Amino acid sequence: MSPETAKSQETKTKLLEGALRTLTEQGIAKTSARTVAAAAGVNQALVFYHFGSVDELLAAACRYGAEKSVAAYRPRLAAVSSLSELLAVGRQIHEQERAGGHVALLGQLLAGAPTHAAVGPATSAGLDLWIAEIEAVLRRVLEGTPFGEFADPAGLARAVAASFVGIELYEQVDAVGAGAALDALEQLGVLVAALEELGPVAQRAVRRHLRRVGRR
């Protein structure tokens, strides 16, 4: 990579980080070329030089932030061996993301999606990165269990992701209620784990019951 290209990439990264910081600290209503450039420590003309518009910068920042977060947690998710563990890890990730300001950031991106054309698809793409990781875990941990034959990992992954997004937003107005919702998800994981530990005879009975229910 030439020095000029390296310098250009460094500036773009500064702008992406500056956009994420501005969204988190000031909100999308106060996010502009001027405020992002100030946070990045560069001239605001570079926003348009590198990204064309503020909306395109925000979209790129959304994808950049999601890719960084998913990459940071991928080894932990790859080590998950049960649904209950997945939910417990999800709660840990939630706590860390909240402490890092990323929950507030997600709220700002969702709030800005209706009025910033490029932000909605980018936010959806960022969430899809999380959904893909969750789906991979679900396919692995459900295989060989009574639920593996009947569960839809792709749909279930979206349900899990949507649940955590909803809880993250709900937490901003009712932290106690959000905590209770997370507790309930973990309890569900414990129940599933208990079923997974049943002996072969009991597991066959569970499968027969699920098949009967599925035919109704």
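Procedures and definitions
- Every chain is numbered on its own, with residues counted from 1 as its sequence reads.
- Reporting in this predicted model follows two pLDDT cut-offs: at least 70 for local features of residues, and 80 or more for side-chain atom pairs to be given and counted; totals over whole chains, interfaces and linings ignore these cut-offs and use all residues.
- Excluded from the side-chain calculations are hydrogens and water; all other atoms, namely the structure's heavy atoms, are used.
- Secondary structure counts use DSSP, requiring at least four H or I residues in a row for a helix and at least two E residues in a row for a strand, with both numbered from the N terminus.
- We call two residues in contact whenever any of their non-hydrogen atoms come within 4.5 Å of each other.
- The term salt bridge refers to a side-chain nitrogen of Lys or Arg lying within 4 Å of a carboxyl oxygen of Asp or Glu.
- Relative accessible area decides the class of each residue, using a 1.4 Å probe on protein chains only: under 20% of the type maximum gives buried, over 50% gives exposed, and in between gives partly exposed.
- Whenever a helix is involved, its axis is fitted only over the stretch in contact; in every case the axis is a line through C-alpha atoms, and angles between N-to-C directions fall within 0 to 180 degrees.
- Our angle categories are set so that under 35 degrees counts as roughly parallel, over 145 as roughly antiparallel, 65 to 115 as roughly perpendicular, and the remainder as oblique.
- In this scheme, a crossing is called left-handed if the near helix is turned counterclockwise away from the far one by less than a right angle; it is called right-handed if the turn is clockwise.
- Amino acids outside the nonpolar list (Ala, Val, Leu, Ile, Met, Phe, Trp, Tyr, Cys, Pro) and the charged list (Asp, Glu, Lys, Arg) are all regarded as polar, and Gly is one of them.
- For Phe, Tyr and Trp, rings pair up if their centres lie within 6.5 Å, where Trp contributes its six-membered ring, and each pair is then called stacked (planes under 30 degrees apart), edge-to-face (over 60) or tilted (otherwise).

**Here's the deal with the side chain of Glu-135**
Line of reasoning, step 1. Note that Glu-135 resides in helix H7 (residues 119-142).
Line of reasoning, step 2. Not counting chain neighbours up to four residues away, the residues in contact with Glu-135 comprise Pro-153, Ala-154 and Ala-157.

**Here's the deal with the pattern of salt bridges**
Line of reasoning, step 1. In this structure the tally under the stated criterion is eight salt bridges.
Line of reasoning, step 2. In this structure, the salt-bridge partner of Lys-68 is Glu-17, at a minimum N-O distance of 3.1 Å. Here Lys-68, found in helix H4 (residues 54-78), pairs with Glu-17, found in helix H1 (residues 3-26); they are 51 residues apart in sequence, far enough to count as distant.
Line of reasoning, step 3. One salt bridge in this structure joins Asp-183 and Arg-91, with 2.5 Å as the shortest N-O distance. With Asp-183 in helix H9 (residues 175-196) and Arg-91 in helix H5 (residues 83-99), this pair connects stretches of sequence that are 92 residues apart.
Line of reasoning, step 4. In this structure Arg-91 comes out as buried when scored by relative accessible area, which is 18%.
Line of reasoning, step 5. Because the salt bridges share partners, they merge into one network encompassing Glu-95, Arg-98 and Glu-171.

**Observations regarding the packing of helix H6 (residues 102-112) against H7**
Line of reasoning, step 1. In the contact formed by H6 and H7, the axes pass within 8 Å of each other and the chain directions differ by 140°. With respect to H7, the axis of H6 lies oblique. H7 is crossed by H6, and the crossing has left-handed handedness. On the side of H6, the interface is formed by Leu-106, Leu-109 and Leu-110, while H7 contributes Val-119, Thr-123 and Leu-127.
Line of reasoning, step 2. Considered class by class, the residues forming the contact of H6 with H7 number five nonpolar, one polar and no charged.

**Considering the packing of aromatic side chains**
Line of reasoning, step 1. Evaluated as defined, the whole model comprises one aromatic pair.
Line of reasoning, step 2. Considering the side-chain rings of Tyr-73 and Trp-130, the 5.8 Å spacing of their centres and the 40° angle between planes classify their relative orientation as tilted. Here Trp-130 lies in helix H7 and Tyr-73 lies in helix H4, a separation of 57 residues in the sequence. Of the two residues, Tyr-73 and Trp-130, both sit in the buried class.

**Some words on the packing of H6 against helix H8 (residues 153-171)**
Line of reasoning, step 1. One can describe the packing of H6 onto H8 by two numbers: an axis separation of 10 Å at closest approach and a directional angle of 100°. Of the possible angle classes, the one that applies to H6 and H8 is roughly perpendicular. Residues Val-103, Leu-106, Gly-107 and Leu-110 of H6 touch H8, and the partners they reach there are Val-165, Glu-168 and Leu-169.
Line of reasoning, step 2. Here the residues of the contact of H6 with H8 are counted per class, giving five nonpolar, one polar and one charged.

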